[in-house]
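# A closer look at the structure
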Amino acid sequence: MSIFGTDGVRGRANVGAMTAENALRIGMAAGTVLGGTGGGERRVVVGKDTRLSGYMLETALTAGFAAVGVNSLMLGPVPTPAVGMLTRSMRADIGVMISASHNPAEDNGIKIFGPDGYKLSDELEDEISRLVVSGDIPLADAPQIGRSSRLDDGRARYVEFVKTSLSRRVRFNGLKIVIDAANGAAYRVAPQVLWEMGAEIIPLGVNPNGFNINKGCGSTCPEAAAQAVIEHKADIGITLDGDADRLIVIDNKGRVIDGDQIMALIATRARAEGRLAGDTLVATVMSNLGLERHLQDQGMGLLRTPVGDRHVVRAMRAGGYSVGGEQSGHIVLHDHVTTGDGLIAALQVVAALVESGRTASELLWQFEPVPQRLVNVRYGSAQNPLEADAVKLAIEEGRAQFGNSGRLLIRKSGTEPLIRVMGECEDERLMDVVLKDIVAAVETAAA
């Protein structure tokens, strides 16, 4: 059984998978599978967000890497995409990001990248899981034990990398931008990049204390940024999540713009410039039907994948596609990065705003979405409500009621103990009835 979910290993800090002991084992196992026991020649770059538990897990992971002869370069708080970029640019054998992304501060997680800067394949994750469970890990001889040190310029390298994703001619002079870094990994780099690009910035979520990541701020709570946009009469608002691999935008009227609208804008702009490989956008099954129709009207295609940015990236690599992402705000621009990067995507959006000469409210609403509802139902870790006969029957009946007029997607979250019930239908009353019945059945099964 794999210890990995849809986005690394994740759970409540100091419990189960997220104990120091288990992190030690993960470091040893990952170092064995990806780094071997090559003495001082093997290395891993380790980043983290701002959670208090990150210190504990960082220490345990680097001890595990040292035990199998891998040297650790610790980056401190940096966005997840910075780890992918630095792993590749520094010719490291492994990259590790300690973060639970958009989850609350009490959770944490471990994401692992290979030497190419991409998240690991299922096969490599399974091999690491096997070693974590079995403990059958050969340790380095005493002279070959690894070392740990700080990489002081990692953040600066990433800042310059992000800025090079745009032409040097593009400047944000005269723009007023609200930037909400969710008290997370981008609390320094995001305001710095936007300011250096010429914008006047109103920073939010830039005072982490170990406990306030994603709390009332960031992409999971964009209301704070929306209010700030209105109060400061800003041109646009940028909200990131805890590890800055996803983006939600606020227009100048305070309206929240999700990942589907952002992807539509970026894909349309890329196609106009001849940069949209295959004239196709890659997105997940969660993306709105309105996005698919909009792309078809513009002569573009939509390739859908299972939920999770790793599935999006896998399809992009297989098909040679350049733009992809998720409705939740993971935007993958494969010409620049190997994973979702909220800051690079934000620069593309702001650049489009500058070049269009339009307001954000005029530019960012690319299509009219089909009415969609998403309901989350929490369940016990030992349960699987989707196996209950009553739940299966409710889903079957719901699909029959929708017929060809709507779409249902019911799945377990890969990062939290939640059943996600999503419905999409032109007839909102029918959608509400169908979802109510399914949610009631799931709640009963989860009780």
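Our structure's up above, just so we're on the same page.
Below is a summary of the structure that appears in this document. Only a predicted model underlies this, so the values are computations on that prediction, with no experimental measurement involved.

## Structural notes on unusual backbone geometry
- You will see that Arg91, though not glycine, has its phi angle at about 55°, which is positive.
- Mapped onto the elements, Arg91 comes out in the loop between α3 (80-89) and β4 (94-98).
- Positive phi outside glycine occurs at Asn214, with the angle close to 65°.
- Note that Asn214 resides in the loop between β8 (200-204) and α7 (223-232).
- On the accessibility criterion, Asn214 (9% relative accessible area) is buried.

## Observations concerning the environment of Glu362
- For Glu362, the location among the structural elements is in helix α12 (residues 360-363).
- Under the relative-accessibility criterion, Glu362 is labelled partly exposed at 45%.
- At 3.0 Å, the side chain of Glu362 and the backbone nitrogen of Thr359 are in polar contact.

## A word on the pattern of salt bridges
- A full pass over the atoms with the stated rule returns 29 salt bridges.
- With a shortest N-O distance of 3.7 Å, Arg314 and Asp122 are connected by a salt bridge. Taken as a pair, Arg314 in helix α10 (residues 309-319) and Asp122 in helix α4 (residues 122-134) lie far apart in primary sequence, 192 residues in all.
- Residues Arg293 and Glu426 are paired through a salt bridge, measuring 2.8 Å at the closest nitrogen-oxygen approach. Of this pair, Arg293 sits in helix α9 (residues 289-297) while Glu426 sits in the loop between β18 (418-425) and α14 (428-446), placing them 133 residues apart in sequence.
- Exposure remark for Glu426: the relative accessible area of 47% places this residue in the partly exposed category.
- One connected set of salt bridges, linked through shared partners, spans Asp7, Arg10, Lys111, Lys119, Asp243, Asp245 and Asp309.

## Overview of the packing of helix α1 (residues 20-35) against helix α2 (residues 53-67)
- At a minimum axis separation of 7 Å, α1 and α2 run at an interaxial angle of 40°. Note on packing geometry: the crossing formed by α1 with α2 is right-handed. Where α1 approaches α2, its residues Ala20, Ala23, Leu24, Ile26, Gly27, Met28, Ala30 and Gly31 are matched on the opposing element by Met56, Leu57, Ala60, Leu61, Ala63, Gly64, Phe65 and Ala67.
- Taken together, the residues of the contact of α1 with α2 sort by class into 13 nonpolar, three polar and no charged.

## What about the nonpolar core?
- Of all hydrophobic cores here, the largest spans 69 residues; its most connected members are Phe172, Ile177, Ile236, Ile238, Val249 and Leu364.
- With ten residues, the top contributor of residues to this core is helix α11 (residues 342-356).
- Contacts of Val249, omitting those with residues within four sequence positions, involve Ile236, Gly237, Ile238, Arg255, Val256, Ile257, Ile262, Val349 and Leu364.
- By size, the runner-up hydrophobic cluster in this structure holds 27 residues, among which are Phe4, Ile26, Val68 and Leu120.

## Topic: the side chain of Asp245
- Within the secondary structure, Asp245 is located in the loop between β9 (236-240) and β10 (247-250).
- Separated by 3.2 Å, the side chains of Asp245 and His330 make a polar contact.
- Asp245 has contacts with Asp7, Thr80, Pro81, Ser101, Lys111, Gly329, His330, Ile331, Gly340, Asp341 and Gly342, leaving out every residue within four places of it along the chain.

## Structural notes on the packing of aromatic side chains
- Following the criterion strictly, the structure yields one aromatic pair and no others.
- In this structure, Lys48 packs its charged tip against the face of Tyr55, placed 3.6 Å from the ring centre.

## So, the pairing of strand β7 (residues 176-180)
- With respect to burial, β7 is a largely interior element, four of its five residues being buried.
- In this fold, the crossover linking β7 to β8 by way of helix α6 (residues 189-196) has right-handed handedness.
- In terms of strand pairing, β7 meets β9 through four bridges, oriented parallel. What sits directly across from Val178, in β9, is Gly237.

## Quick notes on the sheet that holds β7
- The five strands are arranged β8-β7-β9-β10-β11 in an open sheet whose pairing can be described as mixed. Looking along the sheet, the strands with just one partner apiece sit at the ends: β8 and β11 (256-257).
- With respect to the sheet, α6 is in contact with β7, β8 and β9, its orientation differing from that of β7 by roughly 165°.
- Contacting β7, β9 and β10, α11 crosses the sheet at an angle of about 170° to β9.

## Focus: a nonpolar patch on the surface
- Taken together, the side chains of Leu52, Tyr55 and Phe211 present a nonpolar region at the surface, about 370 Å² in accessible area.
- Structurally, Tyr55 can be placed in helix α2.
- Residue Tyr55 is classed as exposed on the basis of its relative accessible area of 53%.

## Re the environment of Arg293
- The partly exposed category is assigned to Arg293, whose relative accessible area is 39%.
- For the pair Arg293 and Glu368, spaced 75 residues apart in sequence, the C-alpha to C-alpha distance is 9.6 Å.
- Other than its neighbours up to four places away in sequence, Arg293 contacts Val370 and Glu426.

## Quick notes on the sheet that holds strand β5 (residues 107-113)
- A sheet is described by the order of its strands in space; here six strands give the open sequence β1-β5-β4-β2-β3-β6, paired in mixed fashion. At either margin of the open sheet sits one strand with a lone partner, and together these are β1 (9-12) and β6 (148-150). This sheet shows a mean twist of 20° between the axes of neighbouring strands, independent of strand direction.
- The sheet contact formed by strand β2 (residues 43-48) and strand β3 (residues 71-77) spans six bridges and is parallel. Within β3, the position partnered with Arg43 by the bridge is Asn71.

## Quick word on the environment of Asn376
- Topologically, Asn376 is positioned in strand β16 (residues 372-378).
- Using a relative accessible area of 40% as the deciding quantity, one classes Asn376 as partly exposed.
- Through-space distance from the C-alpha of Asn376 to that of Ile145 is 46 Å; in sequence the pair is 231 residues apart.
- Among all residues touching Asn376, those that are not within four sequence positions of it are Leu418, Ile419 and Arg420.
- There is a polar contact of 3.0 Å between the side chain of Asn376 and the side chain of Arg420.

What counts, and at which threshold
Residues numbered from 1 in each chain as written. Predicted model: local features only at pLDDT ≥ 70, side-chain atom pairs only at ≥ 80, totals over all residues. Heavy atoms only, no water. Helix = DSSP H or I, 4+ residues; strand = E, 2+ residues; numbered from the N terminus. Buried < 20%, exposed > 50% of the residue type's maximum accessible area, 1.4 Å probe, protein only. Polar contact = N/O pair within 3.5 Å; in protein donor to acceptor, adjacent residues only side chain to side chain. Salt bridge = Lys/Arg side-chain N within 4 Å of Asp/Glu carboxyl O. Axes fitted to C-alpha atoms, helices over the stretch in contact; angles between N-to-C directions. Left-handed = near helix turned anticlockwise from the far one by under 90°. Contact = heavy atoms within 4.5 Å. Nonpolar A, V, L, I, M, F, W, Y, C, P; charged D, E, K, R; others polar. Core = buried A, V, L, I, M, F, W, Y, C linked by side-chain atoms within 4.5 Å. Phe/Tyr/Trp six-rings, centres within 6.5 Å; stacked < 30°, edge-to-face > 60°. Lys NZ or Arg CZ within 6 Å of the ring centre and 35° of its normal. Right-handed = clockwise from strand over helix to strand, strands pointing away. Pairing = 2+ DSSP bridges. Patch = residues over 30% accessible without salt bridge, like charges linked within 9 Å, V, L, I, M, F, W, Y side chains within 5 Å. Areas by Shrake-Rupley, 256 points an atom, 1.4 Å probe, with all protein chains shown as cover.

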